[in-house]
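What follows is each chain in one-letter form.
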Amino acid sequence: MSTRLKSGGRLIDRSASLEFTFNGKRLKGYAGDTLAAALLANDQMLVGRSFKYHRPRGIVASGAEEPNALVNLGSGARLEPNQRATTTEVFDGLQATSQNHWPSLEHDVGVLNNYAARFLPAGFYYKTFIHPRAAWKHVFEPIIRQSAGLGRAPKDRDADRYEQAYGFADLLVAGGGIAGLQAALVAARAGARVWIVEQTAVWGGRAPVDGDVIDGMPAATWVDAAVTELASLPNVTLRVRTMAAGVYDHGYVLLDEKVADHTPGDGRPKHRLWRMRVGRIINATGAIERPLSFAGNDIPGVMLASAVRDYVVNWAVSPGDRTVVVTNNDDGYRTAITLKEAGMDVPCVIDARVRADGALPARARGLGIRVETGRGIAKVKGGKRVEGIEMCLQAGEGAASSFIACDAVAMSGGWSPVVHLWSHCGGKLTWDDAHAFFRPDATRPPITHDGSAMVYAAGAANGALHEALADATHRAKIALQSLGMTAETATAPAHDLPEESPMEAVWIMPQGAPIALKAKMWLDYQNDVKVSDVQLAAREGYESVEHTKRYTTLGMATDQGKLSNINGLAVLAGSLNTEIPLVGTTTFRPPYTPVTLGALAGEARGEIFQPLRKTPMHDWHEKNGAYFEPVGYWRRPYCFPRAGETHEQAVHREVLNTRSNVGLLDASTLGKIIVKGPDAGRFLDMLYTGVMSTLPIGKCRYGLMCNEQGFLSDDGVVARIDEDTWLCHTTSGGADRIHGWMEDWLQCEWWDWQVFTANVTEQYAQVAVVGPKARKVLEKLGGMDVSKEAVPFMGWADGTLGGFPVRVYRISFSGELSYEIAVPASHGAAFWAACVAAGAEFGAMPYGTEGLHVMRAEKGFIMIGDETDGTVIPQDLGLDWAISKKKADFLGKRGQERSFLASADRWKLVGFETLDGSVIADGAYIIDAGVNANNQRKVQGRVTSTYHSPTLGRGIAMGLLRHGPVRMGEVVEFTKLDGSTVKAKVVNAVFYDKDGEKQNV
Amino acid sequence: MLILECPYCGVKAEETELSPGGEAHLKRFGPGSSDADFEAYMFARKNPKGVHFERWRHAYGCGKWFLAARCTATLEVFGTYPAQTSEPPAEIIANIMAKRPAWKGFK
Amino acid sequence: MSDPVSPLSGARYDGFATVREIGPLGMITLRAKTGTPGLEASVMAATGCEMPAVRHVVVNGANAAGWMSPDETLLVLPYADVAGALSKIADAMKGQHHLAVDVSDARAVFRVEGAKADQVIRKLSPVDVDLLQPGELRRSRAAQVAAAFWADEGGFTVVCFRSVAAYMFGLLSTSARPGAEL
Amino acid sequence: MKRYSVFAIAREALNFHQGWERAWKSPAPKASYDAIIVGAGGHGLATAHYLGKNHGIRNVAIIEKGWLGGGNTGRNTTIIRSNYLQDSSAAIYEKARSLYETLSQDLNYNVMFSPRGVMMLAQTHHEVRGYLRTAHANSLQGVQTEFISPQRVKELCPIMNIDGPRYPVLGALWQPRGGTGRHDAVAWGYARACSDMGMDIIQQCEVTGVRSENGKVTGVETTKGFIGTKKLGIVVAGHSGQVADMAGFRLPVESMALQALVSEPIKPCMDVVVMANTVHGYMSQSDKGEMVIGGGTDGFNNYTQRGSFQHVEETLRALIETFPMLSRLKMLRQWGGIVDMTGDRSPIISKTPLGNCFINCGWGTGGFKAIPGSGWAMADLMAKGEPGPLAAEFDMWRFREGRFIDESVAAGVAH
Ligand SMILES: Cc1cc2nc3c(=O)[nH]c(=O)nc-3n(C[C@H](O)[C@H](O)[C@H](O)COP(=O)(O)OP(=O)(O)OC[C@H]3O[C@@H](n4cnc5c(N)ncnc54)[C@H](O)[C@@H]3O)c2cc1C
Ligand SMILES: NC(=O)c1ccc[n+]([C@@H]2O[C@H](COP(=O)([O-])OP(=O)(O)OC[C@H]3O[C@@H](n4cnc5c(N)ncnc54)[C@H](O)[C@@H]3O)[C@@H](O)[C@H]2O)c1
Ligand SMILES: Cc1cc2nc3c(=O)[nH]c(=O)nc-3n(C[C@H](O)[C@H](O)[C@H](O)COP(=O)(O)O)c2cc1C
Ligand SMILES: [Zn+2]
């Protein structure tokens, strides 16, 4: 039975008792408990079910490496699936439920899989469910899916918030054990800007638990002193509950700070994601103990020896009354000693080694603990918890020699340095035979931007299990040196540890275990990967460690194989008859432990999910019921529906009103770029397909821009402001892109040309006053002459209107009499309001982008993004008139000379009118006779813009048709999505005011 | 997550302040050039696994384009320099030669 | 004519730092290569400031001159003074290749103030605030948009584009929420 | 070859599965072959497979520098669809998709093709028009797709927030027979079938040079020595530039990192594949329960199989906005692959300047779905020396002529 001990527990505060629930059961814990400790204190041994076989699962570990104890934490908007009990701090009111079982944790029907385990070896699904074909999708896959997954899927929107922050340091120390603290001290004393982070809530790592003595003091005292000193230094930042999640190139490190996990709902961000940029990283993340592979090693009550020790020392929890310790090294004896000294029963230490004569075994024997050497566990007895073990000879095949009753097993298979951060950016490992582990190979570190080493491993993470402090001191010194700092005089504190005799690698227990036992030896607890599975993979040719991983799913669970990987590799090496280093490891990838997606997205949610660009008139639009559409990050009114109107009706009203009275359009989003300089004209002649250098001052000219391939990329009206200044209008989406494009050519190709550009898009609010009564509105506003003579079509003038300083352009995208008026943005809202007021008596109404589109389509004007899609050249659109024949060069000219673009067979722009007056479907194609070599119906064109024209009362469309302009009057067929077609006549694309009389009045 | 020093403003800019612009030192081929030259200019990019010269814009900073010499296999940066040049500066070439003796040189 | 209005009409948020929208301010983008005759005189004439050093801003009361790029200087001055300043610049730079434009209305300006104002910046910009020199003007991004800022007594001045003023205000105030101190 | 079936499993179970034979052999290379394929990714293996199956060419070696399937085939988000816009794309992807329908049976290896349906969200009016256009095109191309309403989107994917607020869902292009497949199994199944036909899969063997005489390839230098061949197929995805360089020609290809990530596994909550291009993210839930998530590519040349964090962040921001429930899930693992991007983002299946050397590359961010079709077309090309109709448009000279096959035009991306 696991219980809370009467005394002890260095991390708990017995005066602060807390209540929490597990599967609805009310339980008690203390402040300082992890959920796992508190569950064990309440004798909750069974905490979950495994992934595949639904085997009962208990707590194995005490930290981030825990594979089993995953719970659904919280509920509703605070539900967090797969939360690790060993790293969850208990708080008052915590709710946890166990996962992956039905109907209950105790009685789970999924356990049937367990009985069928033999039929479900690694990769079984690749070999089955092949026939009948339809059964996979309809029968087998649904069953597999239903039984897969662990935690519950959240349904609600997250109640918590997250944030990010940037941090900078010379040196980041990941890991707050004694090695990390020592490294930080060395660096901090040398004046470096240091960050040290620890994933748990406490400093010190293993040493205080293991009773290390440092500089003559108990490790805990030394740790306190170190932390106090570090905290006092201005160049040091210390953070607990902060995990170094991933190391990325050039010294970029992600830290996941659990700000309010243990105080949910207190208004603070749940997590803060630090994006660090550091010179060097000290990887002082310690080591993780390895399980041993013996039959039944997954039964609740079988735990890591170090974890058992942690529970006793840190939280005064004993996982069992009678604990058998099984080990292949001296360190495991610490657990036996700790248990015994805490008053618990240790019936036996089973040591796989033939001899155990180090200081620790001696101490254990001295406490009266029975030590059996050369032995192993043949199998563990029990179902939902351990009932006893059968001990056997390690060298044999598992013939049981004796039964030992116990309720817990503490296993120690040696240690594995935590090399994740070293490895994320490609640091290489070397195999250490003496300790049977991979450790960082200092000669092949990950490198940073200048080619120097980016990460230094220190302490247990560097394989220095017994001389962590000396190693940390040394590594910190060389890391500092590489940063051009020095800490020559730094020395390591004295670190007293009992001598330990060598461990002996044990990958299978007993050595000659037959297959029936191997099929019960778990490697990966969560994913149910057993020794026999790895051996099967090897036998079937999945020999690469990466194949084995993917075939068996070893190490792919939420713990990412922190416990299982090395044992798995060793078993694989054994099966292949090769050496472990030749098998190698799988790739270490971020994050070290899973990070909440919300934290990765940071503050970006709701209102500030993305920037939303607003024109000065945006609020007016909002207040006046605009239905918006996104245009890049802008939001533009699509239309202004009135009560009872559909969007379509609103658009039609807006169009008719503009054509008969006057409409107002917020055109502020149009790009506006000033181009100035002695070479500006020449530059614009390169940029546009037409000639801009000859544009007279005071005039406007429509221009097209192509990319170097020749495809049309943007269009707009250019105004000549003075001798060496032009103002280029771009599409709303194009402003930044085109400005960047200009700068690109000016900086990287024609850097000797004298041209400056400035993107003044946001300096001006722009209002289009459009329609036969437009001039009246402006006259009403008053202040300047807006007559045909003073401001002719395609001219512009500066002046004032209604007291506002304005620049008025006579340009028209609707075919109506139209003025586009620019005012400084700070006056935009007021000017708009003035226009609305002045327009009232003339029936002025605002119109949106859709009305704009309809009107320009009625006029046969092209729209970038509708008529163009990145594959269309101006010639396709009948815009040859806007392409200079005389210019030797412009961007895109050479591209357009390529055979496919110059071909006579290209699809070209024409108008279409359906014979029945209906509207051609958006996206419709024009079919052609027959099928192509791939048996696809041939096509000869497609629609590019199609609308109901409220002006004409029928459908109108533009589109591209092979040889289009010479086919006027022909009838072609457009597709409909119901499979039928609609006939349409090829017509001129200008449907309204063909001679352009209305705009030029 | 790269950092590249902007040669204009001296900021060690991180990748998110920059925008990448592909191969550096391209020679533009305009009207009158051969099909092969134009194709090479537009598409046939050097794509080395190793030393590469490329364009970056300090988009969120000074807005200037600059060039960088970087190893695409290790992401090591050998240097950055202004865009207004048609060849890498000698000291960057020397730096690369020192660090990558097998490098065949800029061509 | 109406008075010019800043994009958020002076919005304010009080968290662990105070966020205030200020303005409208007059701003001129002056483009000319360093060393262009008349450039320093223009800057002086428009703002009373010396020519800023690379990546620096020279502040003179309500006026300032900031280095934006090797050929761009940002001039800050009272909104009403812009037209006058532009003509002074035109005079001083006559015959020299340059571009001076009014961008007063294209920007939004915020003050982030208080002892922990720096923390707000640290949450949003990939900038090593500790290494920011006195008078340094840093152009960078704040979350997803371009921003420029500099530190002066009691806080930071943050400049961004006008259209994203509300987004910037949202970012700054979210970052300054009580309880979220770094 | 021992056939796989439930009965075989049952039989083997009694014997603790001791009797299974190797899925593929690991032979030493012979002195020469009738054909060599460089690259044992899905495309290379499928090419070899159809060379044997459709053309009777079986004296073939597939040479792989690492472990088979370990390139992009082993690291992609496994989306299979064929709702492409351009005729030539739709043809080859639909060929591939239809081969996927029976691939498990054809290979006697369950590749877990799961036609659960793929939806591409339209979140702007522009996207609506783009996807409608694709729907029209698909109807003529024999690809079964449908433009569905927001309500139908919600029914098919209840965890989605279709109401925005920022980007309300306006509809979606829905391909009911698109879906996912088990990426590793595709490589393994083809490998097993190739090996069974007597082909040699040579792993841990890097091609380091291409030897040619008089404009024809004679063989390849490898880390296991020279191997002669009558025909060479280069199918190395992200390393295409490298190997083409060895063969003496340059490709319109750049290698960049594309990233993906998985969440921790949760109980099934999403039965379809969703792609959201406005915000740029895509997601499905695997049979094990993880949410499999992908986003955009880095913009610079990179061979490290690692990407920049910002793209992961951008993708997650976007997806959390669309799927608020994701916020409290955790990222379990993230990784990158090196994708081969062409000038028009469409693949190349082509002859080369060397008479008997052929290239298959440029699948970039979207070639998993194409594996069977691409292998089929490439085998055709290698066997006959001339492309068949599936590959005809994908030659490498199209760039010179400006004959783009551009899929991005319909507001689409190519995953
Ligand atoms: C993150 C990510 C997500 C993706 N998502 C999707 C998706 O959802 N749907 C989709 O359809 N596609 C997707 N793709 C794209 C898809 O993965 C690839 O297009 C496809 O796998 C390419 O297959 P391949 O066989 O051509 O290349 P690979 O699988 O990369 O195989 C090429 C092989 O060539 C070997 N090789 C290279 N050089 C040499 C040499 N010199 N000698 C010998 N061997 C060599 C490599 O080791 C490798 O094994 C994604 C890709 C990535 C990276
Ligand atoms: N004798 C043995 O066999 C043996 C074996 C292992 C360890 N040890 C003991 O272990 C100690 C070694 O000290 P150490 O400091 O190297 O290791 P440590 O394990 O004591 O400390 C490492 C610390 O790093 C933290 N950490 C790990 N990954 C992290 C991450 N990604 N982000 C933030 N924090 C992270 C851990 O929580 C832990 O507190 C010594 O006391 C040594 O005696 C002994
Ligand atoms: C569709 C898919 C699902 C995956 N699911 C998991 C998973 O559940 N657990 C895991 O650890 N990795 C998973 N991975 C990631 C792989 O472990 C691995 O990172 C990826 O194949 C790239 O290989 P590499 O990291 O070894 O370079 C998955 C990969 C893919 C493509
Ligand atoms: Zn710069």
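Residues numbered from 1 in each chain as written. Chains lettered and ligands numbered in written order. Predicted model: local features only at pLDDT ≥ 70, side-chain atom pairs only at ≥ 80, totals over all residues. Heavy atoms only, no water.

Topic: the overall build of chain A
So the rule is basically this: Strands here are runs of E lasting at least two residues and helices are runs of H or I lasting at least four, both read from the DSSP assignment and numbered beginning at the N terminus. The contact definition used throughout considers only heavy atoms, calling two residues in contact when any of these lie within 4.5 Å. Note that accessible areas follow from Shrake-Rupley with a 1.4 Å probe, and for residues the cover is restricted to the protein chains shown.
From N to C terminus, chain A includes 27 helices and 53 strands. Here the C-alpha coordinates of chain A stretch approximately 115 × 70 × 55 Å along the principal axes. Partitioning the contacts of chain A with sequence separation of at least 6, the portion at a separation of at least 24 is 66%. If you sum the accessible surface of chain A, you get close to 32300 Å²; carbon and sulfur atoms cover 53% of it.

Observations concerning the site of ligand 3
Just so we agree on the cut-off: The nearness test applies per residue and asks whether one of its heavy atoms lies within 4 Å of the molecule or strand. Counted as a polar contact is a pair of N or O atoms within 3.5 Å, where, for protein atoms, one must be capable of donating a hydrogen and the other of accepting one, and residues adjacent in sequence contribute only when both atoms are in side chains. Charged residues are taken to be Asp, Glu, Lys and Arg, nonpolar residues to be Ala, Val, Leu, Ile, Met, Phe, Trp, Tyr, Cys and Pro, and polar residues to be all remaining types, Gly included.
Taken together, the neighbourhood of ligand 3 is formed by 18 residues, with Lys549(A), Gln560(A), Arg589(A), Glu290(D) and Arg333(D) sitting nearest. Mapping the residues adjacent to ligand 3 onto the chains of the assembly identifies chains A and D. Contact between ligand 3 and Arg589(A): an oxygen atom at 2.7 Å from a side-chain N or O atom of the residue. In the environment of ligand 3, an oxygen atom lies 3.1 Å from a nitrogen or oxygen atom belonging to the side chain of Lys288(D). Residue assignment for the shell around ligand 3 shows that the elements contributing at least two residues are helix H15 (545-552) of chain A together with strand S16 (330-342) of chain D. Across the shell around ligand 3, the residue classes break down as 4 nonpolar, 6 polar and 8 charged.

Topic: the interface of chain A and chain B
One frequent convention defines the size of an interface as the accessible area lost when the parts assemble. The criterion, for reference: Once two parts are joined, some of their accessible surface, as seen by a 1.4 Å probe, is lost; buried area is that loss totalled over both. By definition here, a salt bridge exists when the distance from a side-chain nitrogen of Lys or Arg to a carboxyl oxygen of Asp or Glu is within 4 Å.
Each partner contributes residues to the interface: chain A has 30 residues there, and chain B has 31 residues. Carbon and sulfur atoms make up 52% of the area that chain A and chain B hide from each other, which totals about 2500 Å². Considering only the surface of chain A that becomes buried against chain B, His250(A), Gln747(A) and Arg894(A) emerge as the three largest contributors, covering 26% of it. At the junction of chain A and chain B, the tally comes to 5 salt bridges. Residue Asp35(B) is joined to Arg894(A) by a salt bridge in which the shortest nitrogen-to-oxygen separation is 2.7 Å.

Re the interface of chain D and chain A
Put simply, the rule is: Here, any two strands with at least 2 DSSP bridges between them count as paired.
At the junction of the two partners, chain D supplies 105 residues and chain A supplies 125 residues. Surface buried jointly by chain D and chain A totals about 10400 Å² across both partners, of which 55% is contributed by carbon and sulfur atoms. Measuring nitrogen to oxygen at the nearest pair gives 3.9 Å for the salt bridge that ties Lys330(D) to Glu80(A). Taken together, chain D and chain A are joined by 69 residue pairs in polar contact (both at pLDDT 80 or more). Among the secondary structure elements, those contributing two or more residues to the side of chain D that touches chain A are helix H1 (6-13), helix H3 (87-101), helix H4 (103-107), helix H5 (125-141), helix H7 (183-196), helix H9 (309-322), S16 and helix H11 (398-401) of chain D. Tallying contributions element by element places H5(D) first for the side of chain D that touches chain A, with 10 residues. Partitioned by chemical class, the residues of the side of chain D that touches chain A number 50 nonpolar, 28 polar and 27 charged. In this structure, strand S34 (residues 595-596) of chain A lies alongside S16(D), joined through 2 bridges in antiparallel fashion. Note that in S16(D) the partner of Thr596(A) across the bridge is Lys330(D).

Comments concerning the side chain of Arg70(B)
Turning to its location among the elements, Arg70(B) is positioned in strand S5 (residues 65-71). Within the structure, the side chain of Arg70(B) is placed 2.5 Å from the side chain of Glu54(B), a separation counted as a polar contact. In terms of polar contacts, Arg70(B) uses its side chain to reach the backbone carbonyl oxygen of Asn301(D), at 2.6 Å.

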